[in-house]
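The lines below spell out each chain.
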Amino acid sequence: MTKKMMAAIAITGSLISVPALAETVKIGMNVPLTGFAAADGKSALIGAELAVEQANAEGGINGSQIELVRYDDQASPKHSVPIANKLIGQDEVSVAISGSYSGATRAAAGIFQSEGVPYISAFAVHPDITKSGDFVFRTSFVGEVQGRAGAKLIGEMLGKKKVVVITLKNDFGKSLAAGFKSKAADFGIDIINEYEYSIKDRQFGPIVTKVKSDKPDAIYASGYFFTAGPLVAQLRSAGIDVPVIGQEGYDSEKFIEIAGPSSDGVLITTSLDRDSSVAEAKDFIAAFEAKAGYKADMVAASGHTAAKVAIAALRKAGTTDRKAIRDAIAETNMVASTGTISFNGLGEVKKDVQVQVVKDGAWHHYAVINDQDLLAPPVE
């Protein structure tokens, strides 16, 4: 047998071993559609659906249509783990995304990693998610990065030095607080007190009383819209008028609805700039509002971004081979509504932090934090 014949056989064999694209290519998604996180889940799902619809209108994955297979995880590990197994074993998805919170995402990540299925976290912030392994990626900031950005915003950009930290006692709140505290001193911040609360809390009288007595220059408060709305309203009702700085958990029209006029002037670190001049962001905002019937938020943009990354990787790989798809995700370099997306070796995203402010009952541009040393995600 000649070397030429042997090479031809080898090439043919390699082609046969690569799974071809089916008529329908499946992307899995775990997302909270009921329970306390249902509003965020709805936005994340609509964002992902929009990305799939747009891609299918453009020919799908090299002619194959995309199907988004989604299940309600109620933002709970109890549900996300069996969902992960179902997406892998029953639905045979090629890649999956999480439109859920850190607890559910962290639990599911280990399943996808162990089965060698690429998994993209749209916005969950806990650092352990990508530490699950090399098949797991994140298109939003790890919590510590946002916390560091918050320290720069308060200490350098706002010039506030005496700060009270109010921390939600879960993965989200603790990781944000850790990042903030790690860089506070670098920006001349004196943390004069820290108070914690539960995700079930809606009445914050004891904390508000203590904060008023502390007389801070600013407040760094982690939370979701359904906790942050009541907290901010009660702080303002007590006459505490110093800047309140939150994070992407506030990033919803519902925060403004709940807090009412008290939301005015609240600043957050997040991924979506409502006043962006970038075509991808402007187009997404318009298309989402047309589809959803309400204004775009961070979780919507993040669901859209995660789905776009998965779709781009499927197109690049040209196969349902999960290792090839994983490698294509790792090589991502694309502009999305949440910024320019690329990943480091741990699967963490590298991008700027957007600062938004509530003004006239809506989120608007305030600033961009682009200090790449400060924002550098973990590498191990």
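Conventions used here
- Residues numbered from 1 in each chain as written.
- Predicted model: local features only at pLDDT ≥ 70, side-chain atom pairs only at ≥ 80, totals over all residues.
- Heavy atoms only, no water.
- Helix = DSSP H or I, 4+ residues; strand = E, 2+ residues; numbered from the N terminus.
- Buried < 20%, exposed > 50% of the residue type's maximum accessible area, 1.4 Å probe, protein only.
- Contact = heavy atoms within 4.5 Å.
- Areas by Shrake-Rupley, 256 points an atom, 1.4 Å probe, with all protein chains shown as cover.
- Lys, Arg positive; Asp, Glu negative; His and termini not counted.
- Charge placed at Lys NZ, Arg CZ, Asp CG, Glu CD.
- Pairing = 2+ DSSP bridges.
- Polar contact = N/O pair within 3.5 Å; in protein donor to acceptor, adjacent residues only side chain to side chain.
- Phe/Tyr/Trp six-rings, centres within 6.5 Å; stacked < 30°, edge-to-face > 60°.
- Salt bridge = Lys/Arg side-chain N within 4 Å of Asp/Glu carboxyl O.
- Axes fitted to C-alpha atoms, helices over the stretch in contact; angles between N-to-C directions.
- Parallel < 35°, antiparallel > 145°, perpendicular 65-115°, else oblique.
- Left-handed = near helix turned anticlockwise from the far one by under 90°.
- Nonpolar A, V, L, I, M, F, W, Y, C, P; charged D, E, K, R; others polar.

Peer 1: Any details on the overall build of the chain? Residues and values, ideally.
Peer 2: A count of helical and extended segments in the chain gives 12 helices and 14 strands. Of all 380 residues assigned to the chain, the portion counted as buried reaches 56%. The contacts of the chain with a sequence gap of at least 6 include a subset with a gap of at least 24, amounting to 70%. Surface summary for the chain: the accessible area is close to 14,800 Å², and the carbon and sulfur share equals 51%. Here the chain carries 39 positive and 44 negative side-chain charges, and the mean point of each set is 2 Å from the other.

Peer 1: I'd love a proper account of the environment of V164, names of residues and values included.
Peer 2: Checked against the element boundaries, V164 lands in strand 6 (residues 162–168). Residues V164 and G143, spaced 21 residues apart in sequence, show a C-alpha to C-alpha distance of 19 Å. Apart from residues no more than four positions distant in its own chain, V164 is found in contact with I192, N193, Y195, V211, D214, P216, A218, I219 and Y220.

Peer 1: Pulling in residues and values, what's your account of the pairing of strand 13 (residues 353–359)?
Peer 2: Extensive coverage of strand 13 is indicated by the burial of six of its seven residues. Sheet topology note: the strand 10 (residues 267–270)/strand 13 ladder contains four bridges and is antiparallel. Looking across to strand 13, one finds that I268 is bridged to Q356. Bridge count between strand 13 and strand 14 (residues 362–369): seven bridges; the pairing is antiparallel. Across the sheet, residue V358 finds its bridge partner in strand 14, namely W363. Linking strand 13 back to strand 14 in an antiparallel pair, the connection comprises two residues, with D360 at a positive phi of about 55 degrees.

Peer 1: Which residues make up the side chain of R274, and what are the values?
Peer 2: Looking at the secondary structure, you find R274 in the loop between strand 10 and helix 10 (279–292). Separated by 2.3 Å, the side chains of R274 and D251 make a polar contact. Discounting chain neighbours no more than four positions away, the residues touching R274 are D251, I285, A296, D297, M298, Q356 and W363.

Peer 1: Now, about the packing of aromatic side chains: what can you tell me, with residues and values included?
Peer 2: Under the counting rule described, the total for this entry stands at 15 aromatic pairs. Here the aromatic rings of F36 and Y101 are separated by 5.8 Å at their centres, their planes lie at 65 degrees, and the arrangement is edge-to-face. Note that F36 is positioned in the loop between strand 1 (24–31) and helix 2 (38–57) and Y101 in the loop between strand 3 (95–98) and helix 4 (102–114), a separation of 65 residues in sequence. Look at Y101 and you get buried, because its relative accessible area is 6%. Their ring planes at 20 degrees and their centres at 4.3 Å tell us that F112 and Y119 sit as a pair that is stacked.

Peer 1: Let's hear about the pattern of salt bridges: which residues, and what values?
Peer 2: Opposite charge on two side chains allows them to pair when their charged atoms are near. The final tally for this structure, using the stated rule, is 14 salt bridges. Put simply, D128 and R106 hold a salt bridge, and the shortest N to O gap is 3.6 Å. Taken as a pair, D128 in the loop between strand 4 (119–121) and strand 5 (136–138) and R106 in helix 4 lie far apart in primary sequence, 22 residues in all. Residue class for D128 comes out partly exposed when judged on its relative accessible area of 32%. With its nearest N and O atoms 2.9 Å apart, the salt bridge here joins E194 to K181. Within this pair, whereas E194 is found in strand 7 (residues 190–197), its partner K181 is found in helix 6 (residues 171–183), the two being separated by 13 residues in sequence.

Peer 1: Which residues make up unusual backbone geometry, and what values do they have?
Peer 2: Phi is positive for E92, which is not a glycine, with a value near 55 degrees. For E92, a relative accessible area of 58% translates into the label exposed. You will see that K215, though not glycine, has its phi angle at about 50 degrees, which is positive. Looking at where K215 falls in the secondary structure, it is placed in the loop between helix 7 (205–214) and strand 8 (218–221).

Peer 1: An account of the packing of helix 11 (residues 298–317) against helix 12 (residues 322–330) is needed here, citing residue identities and associated values.
Peer 2: For the pair helix 11 and helix 12, the least separation of the axes is 8 Å and the interaxial angle reads 120 degrees. Put simply, helix 11 runs oblique to helix 12. Relative to helix 12, helix 11 is oriented so that their crossing is right-handed. Touching V309, A313, L314, K316 and A317 of helix 11 are A324, I325, A328 and I329, all from helix 12. A breakdown of the residues in the contact of helix 11 with helix 12 according to their chemical character gives eight nonpolar, no polar and one charged.

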